[in-house]
Amino acid sequence: MNKVKLGICIFFAFFIVSSCKQKTKAIVKEEDKLESGSASFAADESFQPIVDQEKYVFTQLNKEAKPTIIYKSENDVLRMLLNDSVRLAILSRDLTPEETKVMVNKTLPPLVNRFAIDAVTLIVNQSSNDTLMTVAELKKLLNGQTKTGTNIVFDNPNSSLVRYLKTFSGAVDFNRKNIYSLKNNKEVIRYVAKNQGAIGIVGFSWLDDPDDDYADAVKKVKIMAIKDEDSKTAPNQYFMPSQNTLALKQYPLIRGLYVINCTGKLGLGTGFAHFMVSDKGQRIILRSGLLPDSIPQREINIKHTYN
C-alpha cells in the first residue's frame, strides 16, 4: 500500500513539474535579432513620411523583421525612451547630458547617429504673391513684433518643430492670437491650402510625394524662399529648401534627424538603426528630397570600345 501511495505521489510530482516547465516555455519571449523578430520603436511624428519609407524597405529586405513604429510628439517620445517603454527613438536632436546619464544609469548607454538633415519649411497659399521671407522678419513674426493679419500655424505644441522655432527665435512662448498650433503637419498644409492669409511651418518631407489623403492640399501651397542677412557667403540671396542648398548650408532653417539606440544588444533595434545609416538607408533619404548624412557613392562603369 505504501508503495502505491509513493508511486501516486511521484506521478503527481512529475505532472506538476512538467506543467510548470510547459508554462515557463509558453511565456518565454522570442528573442529579436538584427534582421528578424519583433520590437517597438518610437519616432517623432514630424518625420513619419521618411521613417515609414525606411521601415518599408527594411521589412521588404528582411521578411522576418516586424518592427512597430509608435509616432508621438517629441516630448512623448523622450518620455517613452527615458521610462524604458522603448529602447530606440528617432528625434530631431541628440540627448542632453542629463538624459544620457539617465540611460547610462540603467546600463543602456545610447548610441546616437545622425541619418538625415531636414528643412524647416514655410508654406503659403498658391494664390499668395508673398513668397519671400528673411530670417529677421520671421523672428519678428514669431516674437509678435510685427503688426500683421497673417496667421502663422504649425503642428502640435509639444512637437520638435515648436522647440526648434522657440530656440531659433528666442521666444519664450507663442501665446499670441495669430500664432497657433493644429493637430499635425497634414492639418497645417490643409489649413494653408484653404486660407490665403496664412503661413504654415512644416517639415520638408511632408511636401515630397505626399499620401493621397492630403496630396490635393500640397498642390495648393507654395514654398517660401528664405534669406539670411547674417550669412557670410550669400547675405543678399533668397534660397529655397533643396538638397543642394542644405548641403551648401545656404538654406538657413535646418535640423538633423537622429536615431538613438539604447537597446544594448544586437537585436532588431540595432539592425534598423544600422540600416538607416547604411548605403541603402541613405539612398532612401536621397530619393525623399532630404539630405542624407552621408552622400551615397555613385558607381559609374566605363566600357572601353576598341576599333
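Basis of the calculations
- Residues numbered from 1 in each chain as written.
- Predicted model: local features only at pLDDT ≥ 70, side-chain atom pairs only at ≥ 80, totals over all residues.
- Heavy atoms only, no water.
- Helix = DSSP H or I, 4+ residues; strand = E, 2+ residues; numbered from the N terminus.
- Salt bridge = Lys/Arg side-chain N within 4 Å of Asp/Glu carboxyl O.
- Buried < 20%, exposed > 50% of the residue type's maximum accessible area, 1.4 Å probe, protein only.
- Pairing = 2+ DSSP bridges.
- Core = buried A, V, L, I, M, F, W, Y, C linked by side-chain atoms within 4.5 Å.
- Contact = heavy atoms within 4.5 Å.
- Polar contact = N/O pair within 3.5 Å; in protein donor to acceptor, adjacent residues only side chain to side chain.

Draft legend 1. Spatial organisation of unusual backbone geometry. At Asp-84, a residue that is not glycine, the phi angle is positive and equals roughly 65 degrees. Mapped onto the secondary structure, Asp-84 falls in the loop between helix H3 (74–82) and strand S3 (88–91). Phi is positive for Asp-209, close to 50 degrees, though the residue is something other than glycine. Secondary-structure assignment places Asp-209 in the loop between strand S8 (198–203) and helix H8 (215–218).

Draft legend 2. Quick peek at the pattern of salt bridges. If you walk through the whole model with that rule in mind, you get 12 salt bridges. Here Asp-293 ties to Arg-114 by a salt bridge, and the two come within 2.6 Å at their closest N and O atoms. Note that Asp-293 is positioned in the segment after strand S13 (291–292) and Arg-114 in strand S4 (residues 111–125), a separation of 179 residues in sequence. A relative accessible area of 34% places Asp-293 in the partly exposed class. Residues Lys-186 and Asp-213 are paired through a salt bridge, measuring 2.7 Å at the closest nitrogen-oxygen approach. Note that Lys-186 is positioned in helix H7 (residues 185–194) and Asp-213 in the loop between S8 and H8, a separation of 27 residues in sequence.

Draft legend 3. Summary view of the pairing of S3. Side chains Leu-88 and Ile-90 of S3 all project onto a buried face; the interleaved residues Ala-89 and Leu-91 project onto the opposite face, where all are buried too. In terms of strand pairing, strand S1 (residues 37–44) meets S3 through 2 bridges, oriented parallel. Bridge pairing links Ala-42 to Ala-89 in S3. Strand direction decides the pairing type here: S3 and strand S12 (residues 254–261), joined by 4 bridges, are antiparallel. Directly across from Ile-90, in S12, lies its bridge partner Val-259.

Draft legend 4. The nonpolar core, seen in detail. Membership of the largest hydrophobic core comes to 53 residues, with the highest contact counts inside it found for Ile-90, Leu-122 and Leu-253. At 7 residues, the largest contribution of residues to this core is made by S4. In this structure Leu-253 touches Asp-118, Ala-119, Val-120, Leu-122, Leu-138, Tyr-164, Phe-168 and Ile-226, once residues within four positions along its chain are discounted. With 15 residues, the next largest nonpolar core counts Val-153, Val-188, Ile-189 and Val-221 among its residues.

Draft legend 5. Highlighting the sheet that holds strand S5 (residues 132–134). Within the open sheet, the 3 strands sit side by side as S5-S10-S11. Their pairing is mixed. Every interior strand has two partners, whereas the edge strands, S5 and strand S11 (238–239), have only one. With 3 bridges connecting them, S5 and strand S10 (residues 225–227) associate as parallel partners. Across the sheet, Met-133 pairs through a bridge with Ile-226, a residue of S10.

Draft legend 6. Layout of the side chain of Asn-156. Of note, Asn-156 is situated in the loop between strand S6 (151–154) and helix H6 (160–169). A polar side-chain atom of Asn-156 sits 2.5 Å from a polar atom in the side chain of Glu-45. A distance of 2.9 Å separates a polar side-chain atom of Asn-156 from the backbone nitrogen of Asn-158.

By themselves these figures say nothing about function.
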